[in-house]
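Understanding the architecture of this molecule
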Amino acid sequence: MKDFMLRWNRYNVFAQREAYTARSVCMYRICAAVSLLLSITVSVYLAVVGPDDLAANASIWEQNYRYPTNFTIDSTTGSIFCTAHFVTNNVLHTAFILFFCHSFFYSAEVILILNFVNLSSLYFRRGPYAHSMQFLPSTGPLAWTFVSIYWNLAIALAHHGLTTKVFGFIFIWSPLGYGLFAFVAYKDVTMILCLVVIASAMGVGQISMKADLPQLVLPFVVAGALIVLSVLAVISNNTRGQSDENMKIEVDHGNVEAKDEEHGIE
């Protein structure tokens, strides 16, 4: 069993290591570049052109508007926001786009959940004392994937003729809930701001499809609440930074006094 675990850790790309060989670094770079190219190519093609083999298939944003829900996103904002960054994320993102545009929404949902777990594991590695900028590489894809879970599921329900009103009115608050988590756990401004962008995109999406007033207003309420959270997070981080600086000054001052006493200086 021990030998198996050693071999597993040797080939486990997610395992933390103290050092990497030049060969492994080179392979990671190649895989990252290839997967990113694949992700961008598939995403752009299926966002602009879309599959043309079956009537049920459609481009990303055609699917978005074909089944109007509370999570319908403004296509312009969404196109700018959902660029991927990591090898596993790139591969899963590509799989999601392919399933989504071919109307395999439940398969796409499984992929989204897997990617959410993948990105969350990276996000949580930073720890509670990390600065917001340290979360930046994972926050954008993670925020997008989190909201996409509800977006895709709402479209899946609409695709099968089920009403999404109740689902939408409940889970439209999910970005705010996740933003509260990011605030309480990490004071992560970047995550909260990413969720602001997505919530605002949903609001613009509701305007474009002329949704009812409650359905139209809620995304902007969520975005507004997230903006307040982001301001509170900035204030909290600045306060923590000032406190850390004061503590450092006190420690340095104490060290100087200790050295003076050691040398008999009054």
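Conventions used here
Residues numbered from 1 in each chain as written. Predicted model: local features only at pLDDT ≥ 70, side-chain atom pairs only at ≥ 80, totals over all residues. Heavy atoms only, no water. UniProt positions renumbered as here; feature names shortened; annotations may be inferred. Helix = DSSP H or I, 4+ residues; strand = E, 2+ residues; numbered from the N terminus. Buried < 20%, exposed > 50% of the residue type's maximum accessible area, 1.4 Å probe, protein only. Axes fitted to C-alpha atoms, helices over the stretch in contact; angles between N-to-C directions. Parallel < 35°, antiparallel > 145°, perpendicular 65-115°, else oblique. Left-handed = near helix turned anticlockwise from the far one by under 90°. Contact = heavy atoms within 4.5 Å. Nonpolar A, V, L, I, M, F, W, Y, C, P; charged D, E, K, R; others polar.

With that out of the way, let us pick up the UniProt feature "transmembrane region" (unreviewed entry) in the protein. The UniProt record marks residues 26-48, 95-119, 140-160, 166-185, 192-209 and 215-235 with the feature "transmembrane region" (unreviewed entry), using the residue numbering of this structure. Within the segment residues 95-119, helix and strand shares are 88% and 0% respectively, and the terminal C-alpha atoms sit 15 Å apart. Taken end to end, residues 166-185 is 90% helix and 0% strand, and its first and last C-alpha atoms sit 29 Å apart.

Let us now look at unusual backbone geometry. What is expected of a backbone is that most residues other than glycine have negative phi and most peptide bonds are trans. You will see that Ser-103, though not glycine, has its phi angle at about 65°, which is positive. On the basis of relative accessibility, which here comes to 12%, the residue Ser-103 falls in the buried class. Residue Lys-187 is not a glycine yet carries a positive backbone phi of 55°. Looking at the secondary structure, you find Lys-187 in the loop between helix H9 (174-186) and helix H10 (189-208).

A word on the packing of helix H6 (residues 105-124) against H9. Between H6 and H9, the least distance of the axes is 13 Å, while the angle of their chain directions is 25°. When the axis of H6 is compared with that of H9, the two are roughly parallel. Along this stretch, H6 crosses H9, giving a crossing that reads as right-handed. Listed contacts from H9 to Phe-116, Ser-120, Tyr-123 and Phe-124 of H6 are Tyr-178, Phe-181, Ala-182 and Tyr-186. In terms of residue class, the contact of H6 with H9 is built from 7 nonpolar, 1 polar and no charged.

Running from amino to carboxyl end, H9 crosses H10 at an angle of 170°, the nearest separation of the two axes being 9 Å. Viewed along their axes, H9 and H10 adopt a mutual orientation that is roughly antiparallel. Of the residues in H10, those in contact with Pro-175, Tyr-178, Gly-179, Ala-182 and Phe-183 of H9 are Met-191, Ile-192, Leu-195 and Met-202. The residue inventory of the contact of H9 with H10, partitioned by class, reads 8 nonpolar, 1 polar and no charged.

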